[in-house]
Amino acid sequence: MVLSQNQGYPLLIYGNYMRELTTESLLPIRNVIPGQNYGNIKARLDQLLPEDLAQSFSRIEVRYKDATWYSDSDRIYRPYSEAGELEKEEIAIRLEEIKKMASGALLEQMPYVEDLFVVPDADAIFWYKADDGEMNVVISQWGFEKRTIEQQTNVICDLISAPRPLTQIQVVLKCKFSNGEPAADFEFYLNIFNNKKLCRTSDKGEYSIGSLFPDKQFSVETPDGSQKIEFTVKKDAEYYVVFELPEEEELSEEVEVDDDNSNGEEDQKIEVPRPEPDRMVTIRLLGYKGEFLPDMPFKLRMADGKILEGITDKEGNTSIPLKDLPVGKKCNISFTMTAEYQKSLSLKKNVVEK
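A short tour of the structure in this document, coming up. Not measured: the values here are computed from a predicted model.

## Here we look at the side chain of Gln168
Summarising the element assignment, Gln168 is placed in the loop between helix H4 (155-161) and strand E11 (169-177). Not counting residues up to four positions away in its chain, the partners in contact with Gln168 are Glu89, Ser211, Leu212 and Phe213.

## Notes on the environment of Glu221
The residue Glu221 is located in strand E15 (residues 217-221) in this model. Residue classification places Glu221 among the buried positions, given a relative accessible area of 13%. When the C-alpha positions of Glu221 and Lys197 are compared, they lie 10.0 Å apart, and in sequence the two are 24 residues distant. With near-sequence residues (within four places) excluded, Glu221 lies in contact with Phe188, Tyr189, Asn191, Lys196, Gln227 and Lys228. Of the polar contacts made by the side chain of Glu221, one reaches the side chain of Asn191; its length is 3.2 Å.

## A closer look at unusual backbone geometry
What you tend to see is this: most non-glycine residues have negative phi, and most peptide bonds are trans. The backbone of Gln141 shows a phi angle near 55°, a positive value even though the residue is not glycine. Its location among the elements puts Gln141 in the loop between strand E9 (135-139) and strand E10 (144-146). Despite not being glycine, Asp185 shows a phi value in the positive range, around 55°. In this structure, Asp185 sits in the loop between E11 and strand E12 (187-192). Given a relative accessible area of 17%, Asp185 falls into the buried group.

## Some details on the packing of aromatic side chains
Overall, the coordinates contain 13 aromatic pairs when judged by the stated rule. Between Tyr77 and Tyr128, the ring centres sit 6.0 Å apart and the planes meet at 55°, which makes this aromatic pair tilted. Linking Tyr77 in the loop between strand E6 (66-71) and strand E7 (78-79) with Tyr128 in strand E8 (residues 125-129), this pair joins segments that are 51 residues apart in sequence. You can call Tyr77 buried: its relative accessible area is 13%. The partly exposed category is assigned to Tyr128, whose relative accessible area is 25%. Between the aromatic rings of Phe218 and Phe231, the centroid separation amounts to 5.2 Å while the plane-to-plane angle is 20°, which identifies the pairing as stacked. On the criterion of sequence distance, the pair formed by Phe218 in strand E15 and Phe231 in strand E16 (residues 228-232) is long-range, its members being 13 residues apart. By the burial criterion, Phe218 is buried, and Phe231 matches it. An aromatic cluster is built from Tyr38, Phe57, Trp69, Phe117, Trp142 and Phe144, whose rings are joined through pairwise contacts. Seen from the ring of Phe117, Lys99 lies directly overhead, with NZ or CZ sitting 5.8 Å from the centre.

Rules of the game
- Residues numbered from 1 in each chain as written.
- Predicted model: local features only at pLDDT ≥ 70, side-chain atom pairs only at ≥ 80, totals over all residues.
- Heavy atoms only, no water.
- Helix = DSSP H or I, 4+ residues; strand = E, 2+ residues; numbered from the N terminus.
- Contact = heavy atoms within 4.5 Å.
- Buried < 20%, exposed > 50% of the residue type's maximum accessible area, 1.4 Å probe, protein only.
- Polar contact = N/O pair within 3.5 Å; in protein donor to acceptor, adjacent residues only side chain to side chain.
- Phe/Tyr/Trp six-rings, centres within 6.5 Å; stacked < 30°, edge-to-face > 60°.
- Lys NZ or Arg CZ within 6 Å of the ring centre and 35° of its normal.

Next up, the structure:
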């Protein structure tokens, strides 16, 4: 183990007052950054990071069997276990900020940056809350873990990922169409954190954004940009989204068939629109030259494996209730263009011309 070794008990360093955070035996812990001088690491942190961020990592004085960790402040910091539930959530928020900023700034210069956030236990984290409510955190014993053969959890990562019911609010969007039906499996844009993200609702028409701070603003937007609904996060609020349906009465889809593949089964994809009451989807099958394909048996395969079978009318059309189709998903229509069928078309054409 290579560590910085200082004699005595210094209270002043680089003109700053230092206060002891904790003194621990080195026997039950071990370093996780082998071959590195921890004193040099701290000096590099002071050099590469902004001052307030660098001070989040304590200084260290190592003796033969124990070590002392110091803060760069005369404030009295308290161990994590003395924090209340609200303070613990605020500590987690601050740890998340420190980890994000430090990782981004140090990744190229310190490939072991993630190991800086390894600590033996939660009480290696010290905190101080200012009169204005600002939470200050100092990490002691950074780069150390318990000396055990058992698999260890990442203490700081666990604290960051824990739920924060006292400081953040769980936000779930409840989406429906203007006809009152749930907007199930529906794509939309979520504008949040200066980012535009394409999202999709569940089969119940819901979408969980996650935990957000009160007064956080976000908006929901349709893919075509025709609708934009804005929200502000509030305690005990509900977040309802109503998507307007298009006013068109019927959707027609023309599918052209390549006569060169007359003996094979043709597959075409049809995208299903948003539902309206009693709305029908009309599918028209056309040949390569644009001629109708009357009396053509076909199969419509859904994304979930369901198959609908039918046959076109004398003008090559067939109508299917939209409620029988999966909303917002694509279906495959398949049919067989046999030589006999093509011959029958020719006969019908001759009869019409006569």
